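Now for the letters of each chain:
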Amino acid sequence: MSPYYYRSVREGGRVRKEYVGSGALGEVAAALDELKRRQREEEAAYWREERERLQRSAAFLQELEETAQILTRAQLLVSGFHKRNGEWRRIRESA
Amino acid sequence: MKALELSKEAKDQLAELEDLSDKAANGDKQARSELRRALRASTPAVVAEASTLAKKGECVLIKTAAAGEPLMEEALLARLGLLRSEIAGPDPSPLELLLTEKIVAVWMLTELLELLLNAQLGDLPKSQRMSHRFLKFYLGWQEQAHRRLLSAIRELARVRRLESRIPNAQTNVQINVSKPNGD
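Notes on the structure follow. Because the structure is a prediction, the values reported are computed rather than measured. In every chain, residue numbers begin from 1 and rise along the written sequence. The order in which chains are written sets their letters, starting at A; the order in which ligands are written sets their numbers, starting at 1. The model is predicted, so local features are restricted to residues of pLDDT at least 70 and side-chain atom pairs to those at 80 or more, both for listing and for counting; the totals for chains, interfaces and linings are taken over all residues.

1. Observations concerning the overall build of chain B
Then comes step 1: Numbered from the N terminus, helices here are DSSP runs of H or I no shorter than four residues, and strands are runs of E no shorter than two. Helices and strands together make up the secondary structure of chain B, namely 5 helices and 0 strands.
Then comes step 2: If you list the helices and strands of chain B from N to C, you get α-α-α-α-α.
Then comes step 3: Exposed residues have 12 or fewer other C-beta atoms within 10 Å of their own C-beta, buried residues have 20 or more, and partly exposed residues fall in between, where C-beta atoms are placed from the backbone. Here chain B holds 183 residues, and 25% of them are scored as buried.
Then comes step 4: Any residue pair is listed as a contact if its two C-beta atoms, each placed from the backbone, are within 7 Å. Within chain B, contacts between residues at least 6 apart in sequence are counted, and of these 65% link residues at least 24 apart.

In structure tokens form, the structure reads like this:
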């Protein structure tokens, strides 16, 4: 390990190096930064899994919506409706 | 957990209905009568399968919302049953049943999201609090669920209105006044 420890700091989209210390102080600061980085990674992984779990649990809704949409459209078409300008209207039967 | 989905047979039937609907919408009269036949033949099976799927999905959402509390699970199940019968009403058509399932399922999702968000707003230790990125995703998802719920309710109302042949709220009145003779 380098005897000098620099910490990367992000400021306004730019990354600059910040001198922390050397020797034992530098090593402790480096270990603490590494610990925080791992905690952040673990937390991000946890929330990612949580998000995926929720999305999988609700995935059936997509199937349900598509099914309802197809059956509704088919039912309205055979019941004598047609879609005009985004609105369903009854087809006028000619006398 | 494997995502819940319809069987291949149901999906094939839906694809056929979609294809025939496209043709019928484009004025193909034969496709319209074929669509009528296909719809009559496949609707009960597809609706039954979709309802089963919805109920299984609701159970998953209920388990998440109840967080292992059997009483809460039972209460939510009963609430969904009540909601289902209130929305479907007496003697619903297969389509009304399906749209009811859709409304109930999306309602359950919005409830779940509300519950989880309320838990986050309580006194949780910092380690259990949502990250900002997750919260942003979460609020977006909640908004989407609300939109889906409103759209599902509108869809059922529209189908009922159209099927019952009740005219739109908008009524155009035309009065023809004949000119007096000689003018």
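2. With respect to the packing of helix H4 (residues 94-121) of chain B against helix H5 (residues 132-164) of chain B
Residues and elements named next belong to chain B.
Then comes step 1: Fitted lines through C-alpha atoms serve as axes, helices being fitted only where they are in contact, and the angles separating the N-to-C directions of these axes extend from 0 to 180 degrees. At their nearest, the axes of H4 and H5 sit 9 Å apart, and the two run at 155° to each other. Accordingly, the angle class assigned to the pair H4 and H5 is roughly antiparallel. You can see that H4 and H5 cross each other, and the crossing is left-handed.
Then comes step 2: Here the contact of H4 with H5 is composed, by residue class, of 16 nonpolar, 4 polar and 5 charged. What sets the label is the angle itself: under 35 degrees gives roughly parallel, over 145 gives roughly antiparallel, 65 to 115 gives roughly perpendicular, and the rest give oblique. Note: crossing handedness is left-handed where the near helix turns anticlockwise from the far helix by less than a right angle, and right-handed where it turns clockwise. When residues are grouped by polarity, Ala, Val, Leu, Ile, Met, Phe, Trp, Tyr, Cys and Pro land in nonpolar, Asp, Glu, Lys and Arg in charged, and all others, Gly among them, in polar.

3. Observations regarding the interface of chain A and chain B
Then comes step 1: Across the contact, 29 residues belong to chain A and 41 residues belong to chain B.
Then comes step 2: It is helix H2 (residues 59-78) of chain A that provides the largest number of residues to the side of chain A that touches chain B, a total of 17 residues.

4. A short note on the nonpolar core
Then comes step 1: Take the buried Ala, Val, Leu, Ile, Met, Phe, Trp, Tyr and Cys residues, join any whose C-beta atoms are within 7 Å, and the set you get is a nonpolar core. B:Met108 and B:Leu109 are the most contacted members of the largest nonpolar core, which totals 45 residues.
Then comes step 2: Elements that contribute at least two residues to this core include exactly H2 of chain A together with helix H1 (8-25), helix H2 (29-66), helix H3 (70-88), H4 and H5 of chain B.
Then comes step 3: Here this core takes 12 residues from H4(B), the largest share from any one element.
Then comes step 4: Among residues more than four places away in sequence, those in contact with B:Met108 are B:Glu58, B:Leu61, B:Ile62 and B:Leu80.

5. Observations regarding H3(B)
Residue and element names in this part refer to chain B.
Then comes step 1: Between its first and last C-alpha, H3 extends 27 Å over 19 residues, near the 27 Å set by a 1.5 Å rise per residue.
Then comes step 2: Looking at H3, one finds that the buried residues are Leu 76, Leu 80 and Arg 84. With its buried residues spanning 75° around the axis, H3 presents them on a single face. Away from its buried face by more than 90 degrees, H3 exposes Leu 71, Glu 74, Ala 78, Gly 81, Leu 82, Ser 85 and Glu 86.
Then comes step 3: Among the structural elements, H2 and H4 are those in contact with the buried residues of H3.
Then comes step 4: Gly 89 lies just past H3 and shows a positive phi near 70°. Helix span is expected to be 1.5 Å times the residue number reduced by one. The arc in question is traced by the directions running from the helix axis to the C-beta atoms.

These figures come from the coordinates and say nothing about function on their own.
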